[in-house]
2 protein chains.
Amino acid sequence: MTEYVRKKGSRESLEVKAGQGTTMQVLISAEEAPNFAFRKFVMEPHGGMPKHTNLIEHEQYVLKGSGIIEIGDEVFEVTAGDAVYIPGNVSHSYQAGKEGLEFICVVPNKEDKIELLE
Amino acid sequence: MTEYVRKKGSRESLEVKAGQGTTMQVLISAEEAPNFAFRKFVMEPHGGMPKHTNLIEHEQYVLKGSGIIEIGDEVFEVTAGDAVYIPGNVSHSYQAGKEGLEFICVVPNKEDKIELLE
């Protein structure tokens with residue numbers, strides 16, 4: 001039977017190995033929905049992820065905290081309520097601020113490969 | 001040039017005609033991204049949407065407030081931090097609580113049709 005609602009905190013937090021102080025909860029997985037997966041990332045204060053590329057795009061929404069996101073050759077400071085679009089194959093990195101950074105990250109159910117650039 | 005970041009409040013709020021006291025901001029549109037669109041819904045206290053179906057699925061995340069969502073023949077109370085998966089062709093309705101209800105709603109870039117059921 002389809003699970004329609006995932007209550008806050010009901011999904012396991014997984015360590016993101018390519019990051020520092022970064023965990024991810026899969027809220028709606030590629031196995032549960034036909035077209036895209038819904039994940040929540042939590043970065044500790046001053047945590048983040050180094051510059052990398054993915055094959056697939058990310059669509060994100062900042063829930064809490066603040067941080068610096070570098071996308072291609074542009075640098076953005078993001079805070080709660082901002083939306084972020086990172087096309088596939090465009091380099092990006094995350095650096096959480098002093099209160100950490102939490103965001104939703106939606107990705108298509110397509111093959112991905114992460115390539116670290118630094 | 002690709003717009004990577006949409007700062008909070010920078011996108012127009014559009015009235016959702018099928019709803020009551022409900023507006024939507026398109027944060028990342030079907031024209032801007034290849035696979036899915038990212039929208040934010042804001043329902044006033046006691047606003048909502050009547051029972052309806054869509055052809056396409058919804059993946060949602062509650063940002064603020066609370067509300068009652070009926071999906072198929074199940075009824076859920078949702079609050080900030082809950083994630084909701086509504087498959088295509090499954091009836092659903094929203095009733096915002098006394099503080100209103102705000103949520104992200106992601107939909108695939110596929111043909112949709114809304115059918116009101118009441």
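Small disclaimer: the values here were computed from a predicted structure and weren't measured. (Residues numbered from 1 in each chain as written. Chains lettered and ligands numbered in written order. Predicted model: local features only at pLDDT ≥ 70, side-chain atom pairs only at ≥ 80, totals over all residues. Heavy atoms only, no water.)

Asks: Any chance you could explain the interface of chain B and chain A here in plain terms?
Replies: It is common to give the size of an interface as the accessible area that goes away when the parts come together. Between chain B and chain A, the contact holds 42 residues from the first and 42 residues from the second. For the pair chain B and chain A, the two sides together bury roughly 3600 Å², of which 63% comes from carbon and sulfur. The interface formed by chain B and chain A contains two salt bridges. At the surface where chain B touches chain A, the tally comes to 16 residue pairs in polar contact (both at pLDDT 80 or more). (Contact = heavy atoms within 4.5 Å. Buried area = accessible area lost by both parts, 1.4 Å probe. Salt bridge = Lys/Arg side-chain N within 4 Å of Asp/Glu carboxyl O. Polar contact = N/O pair within 3.5 Å; in protein donor to acceptor, adjacent residues only side chain to side chain.)

Asks: What is the right way to look at the packing of aromatic side chains in this model?
Replies: In the structure shown here, the tally under the stated rule is seven aromatic pairs over all chains. Taking 5.0 Å as the distance between ring centres and 35° as the angle between the ring planes, the aromatic pair formed by Phe36(A) and Phe36(B) counts as tilted. Placement of the pair is Phe36(A) in strand S4 (residues 36-53) and Phe36(B) in strand S4 (residues 36-53), with the two residues belonging to separate chains. Phe36(B) sits in the buried class, given a relative accessible area of 0%. Between the aromatic rings of Phe41(A) and Phe103(A), the centroid separation amounts to 5.3 Å while the plane-to-plane angle is 5°, which identifies the pairing as stacked. (Phe/Tyr/Trp six-rings, centres within 6.5 Å; stacked < 30°, edge-to-face > 60°. Helix = DSSP H or I, 4+ residues; strand = E, 2+ residues; numbered from the N terminus. Buried < 20%, exposed > 50% of the residue type's maximum accessible area, 1.4 Å probe, protein only.)

Asks: How should I be thinking about the relation of the copies chain B and chain A in this particular structure?
Replies: The operation relating the two chain copies consists of a rotation about an axis and a shift along that axis. Laying chain B over chain A is done by rotating through 180° and shifting 0.0 Å along the axis; what remains is an RMSD of 0.0 Å. In the structure described here, the two chain copies are related by an operation that fits a two-fold rotation axis. When the interface residues of chain B are mapped onto chain A, 100% of them are again interface residues, pointing to one common binding face. (Least-squares fit on C-alpha atoms with pLDDT ≥ 70 in both.)

Asks: Is there a simple way to explain the environment of Asn89(A) in this structure?
Replies: Residues and elements named next belong to chain A. Mapping Asn-89 onto the fold places it in the loop between strand S7 (83-86) and strand S8 (92-108). With 27 residues separating them along the chain, Asn-89 and Val-62 place their C-alpha atoms 21 Å apart. Residues within four places of Asn-89 in sequence aside, it is in contact with Thr-53, Asn-54 and Leu-55.

Asks: Help me understand the side chain of Gln60(A), please; the structure alone is not making it clear to me.
Replies: You can see Gln60(A) is positioned in strand S5 (residues 58-71). Classification of Gln60(A) by relative accessible area gives buried; the value is 1%. Residues in contact with Gln60(A), not counting those within four places in the same chain, are Ile69(A), Asp82(A), Ala83(A), Val84(A), Ile86(A), Tyr94(A), Phe103(A), Ile104(A), Cys105(A) and Phe38(B).

Asks: I keep staring at the pattern of salt bridges and nothing clicks. Help me out?
Replies: Oppositely charged side chains are able to pair whenever their charged atoms sit close together. Taken as a whole and judged by the stated rule, the model has twelve salt bridges over all chains. Two residues, Glu32(A) and Arg11(A), come together in a salt bridge whose shortest N-O distance is 2.9 Å. Placement of the pair is Glu32(A) in the loop between strand S3 (20-28) and S4 and Arg11(A) in the loop between strand S1 (5-6) and strand S2 (14-15), with a sequence separation of 21 residues. Overall, the relative accessible area of 27% leaves Glu32(A) in the partly exposed class. Owing to a relative accessible area of 18%, Arg11(A) belongs among the buried residues under this scheme. Across the salt bridge formed by Arg6(B) and Glu32(B), the nearest N and O atoms sit 3.0 Å from each other. Taken as a pair, Arg6(B) in strand S1 (residues 5-6) and Glu32(B) in the loop between strand S3 (20-28) and S4 lie far apart in primary sequence, 26 residues in all.

Asks: In this structure, what is going on with the layout of surface pockets? I would like to understand it.
Replies: Think of a ball as big as a water molecule: rolled over the atoms, this probe shows where empty space is left. All names here are of chain B. The space that makes up the largest pocket amounts to roughly 470 Å³. Around the largest pocket sit 28 residues that line it, and Met-24, Arg-39, Phe-41, Asn-54 and Asp-112 are the ones nearest its centre. Of all the secondary structure elements, the ones that give two or more residues to the lining of the largest pocket are strand S2 (13-15), S3, S4, strand S5 (58-71) and strand S8 (92-108). Looking at the lining of the largest pocket, the element that brings in the most residues is S8, giving six residues. Within the lining of the largest pocket, the residues separate by chemical class into 16 nonpolar, seven polar and five charged. (1 Å grid on protein atoms, 1.4 Å probe; cavity = no way out; pocket = protein on both sides within 12 Å on 5 of 7 lines; lining within 4 Å. Points joined across faces, edges and corners; volume = space filled by probe spheres on them. Nonpolar A, V, L, I, M, F, W, Y, C, P; charged D, E, K, R; others polar.)

Asks: Please clarify how the pairing of S3(B) should be interpreted in this entry.
Replies: Consecutive side chains along a regular strand alternate between the two faces of the sheet. Residue and element names in this part refer to chain B. For S2 and S3, the ladder comprises three bridges, and the chain directions are antiparallel. Paired with Glu-15 across the bridge in S3 is Thr-23. Hairpin connection from S2 to S3: four residues lie between these consecutive antiparallel strands. Here S3 pairs with S4 via seven bridges, running antiparallel. Bridging from a neighbouring strand, Met-24 pairs with Phe-41 of S4. (Pairing = 2+ DSSP bridges.)

That is the geometry; function is a separate question.
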